[in-house]
Structure formats: structure tokens, C-alpha cells
Amino acid sequence: MRYNGAIYSVDFTDLQQGVLDFAITNTTFFDNVGEAKINGAEFEIDWTANDYLDVFASFSYIDSELTDSFITTVNPAPIGSSLPYAPETEGVLGARYFQELGEFSAVYQGVFKWTDSRFNSLTSAGRVELPSYNQLNLSASISKDDWRATLFIDNATDTLGQVAAGSADNVFRVSPTRPRTIGLRVNFAY
């Protein structure tokens, strides 16, 4: 069994935020918006249950907040607001099973990931909350000597998650997770 973990505290000064405001300029600019504090903890565990099965997990907890703000053209979110793209919790749980099939080796894997809700920006005007989402990825591989074939299903439940959002060119856009993707990869080492 292998375990890694960390507990941390970070103080930010002169925190910056990029802004595109056509009332000011036609290009994006960055401005100092204040100070912030992040307290968090994270861990990762990998357990080899037996010769055929590995189980793994990771988890993170982030408590982030704007602790002071300046009067700027950016108009930052109120003091106490969480920082952008900092979900309070995020985690992964998975398993990998190994099997010998005569001259072939097979590996089956399933990975479940969840991401908590988070905000997309530190500016009040463009700040929206992105909802939490889950994702399940599955794969099965078979290999022999120098080649391997892998059948995979990414986002098996076809969950629509929002990864990012914003208006980089003054048009609001959301970047979604990839839809369910089924594919076959073939590798050959020579």
C-alpha cells in the first residue's frame, strides 16, 4: 500500500484577474484585485489487494477565499468569496484488475471521478457557479509481446459537466466535458 498526503496553507498577495472590458480597451488586461488565503488537504492511496487487483483513490479539500480586495476597474467579488476554479472537494475512486489469458495479458479498469461546484471568475460581472459533476471511465486491454489493444469508454454515463466558462471575446461560452466516447487504441512497440 502506498499513501501520499499533504496539508497546506497559502497566502496570496497581489492576486491578479484578467479582464476584457471594451469600455476600457480592446484587449485583455490584468489587474491586481486583492489578497487571498487557501487552506487545504489532499491524499492519494494505492492498494495492491492481491496479485490481480489494484484499488486507488484520491481526494482533495480546498477552502479558498478572497481576504482583501482593492478598488479597481476589475470590480472583484466580495471579500469571503471563493477563488475561481477551486472546487471545495474533488475525488477519484478506481480499480484495475489483471488477468493472464494463455499467452495474452488482460487489464480491466474503471475510474469514477467527481468534481464539486466552483466559480469561473473572481470578477463580479462575469462570475457564475459551475455545477458539480461526475464521470465514469472504463477500459479493457489485451496485450502480447510488443502490441496492445485497448477498448475504452470515456464518460460512460454521458454526463454533461461544465469544465470552464467565461467571455474571453465578450461572448459568454461554456466548455463542456467530452461526451461519451468509445474507441479502440492499438499500440505496437518496435
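Above this text you will find the structure in question.
The structure presented is a predicted model; accordingly, all values stated were derived computationally and were not measured.

How should I be thinking about a nonpolar patch on the surface in this particular structure?
Side chains of Y52, Y97, L101, Y108, I142, W147, F188 and Y190 sit close together on the surface and give an oily, nonpolar patch of about 890 Å² of accessible area. Locating Y52 in the fold gives a position in the loop between strand 2 (29-48) and strand 3 (53-69).

What exactly am I supposed to notice about the pattern of salt bridges here?
Two side chains with opposite charge may pair up if their charged atoms get near one another. Per the stated rule, a full pass over the model turns up six salt bridges. Across the pair D46 and R2 runs a salt bridge whose closest N-O atoms are separated by 3.8 Å. Here D46 is found in strand 2, whereas its partner R2 is found in strand 1 (residues 2-19), with 44 residues between them in sequence. Each of R2, E44 and D46 takes part in salt bridges that share partners, so that together they form one network.

So what exactly am I meant to see when it comes to the nonpolar core here?
Nonpolar side chains tend toward joint burial in soluble globular proteins. L15, V33, A36, I38, I62, L66, L83, A86 and L122 form the largest nonpolar core, which has nine residues in total. For this core, the secondary structure elements donating two or more residues are strand 2 and strand 3. The residues touching L122, leaving out its near neighbours within four places in the chain, are L15, Q17, V33, L66, P76, A77, S82, L83, P84 and R127.

Looking at this model, I keep getting lost on the side chain of T115. Mind explaining?
Along the chain, T115 turns up in strand 5 (residues 104-115). Accessibility expressed as a relative area gives 4% for T115, which makes it buried. There is a polar contact of 3.1 Å between the side chain of T115 and the side chain of E90.

Rules used throughout
Residues numbered from 1 in each chain as written. Predicted model: local features only at pLDDT ≥ 70, side-chain atom pairs only at ≥ 80, totals over all residues. Heavy atoms only, no water. Patch = residues over 30% accessible without salt bridge, like charges linked within 9 Å, V, L, I, M, F, W, Y side chains within 5 Å. Areas by Shrake-Rupley, 256 points an atom, 1.4 Å probe, with all protein chains shown as cover. Salt bridge = Lys/Arg side-chain N within 4 Å of Asp/Glu carboxyl O. Helix = DSSP H or I, 4+ residues; strand = E, 2+ residues; numbered from the N terminus. Core = buried A, V, L, I, M, F, W, Y, C linked by side-chain atoms within 4.5 Å. Buried < 20%, exposed > 50% of the residue type's maximum accessible area, 1.4 Å probe, protein only. Contact = heavy atoms within 4.5 Å. Polar contact = N/O pair within 3.5 Å; in protein donor to acceptor, adjacent residues only side chain to side chain.

The values reported here are purely geometric and, on their own, carry no functional implication.
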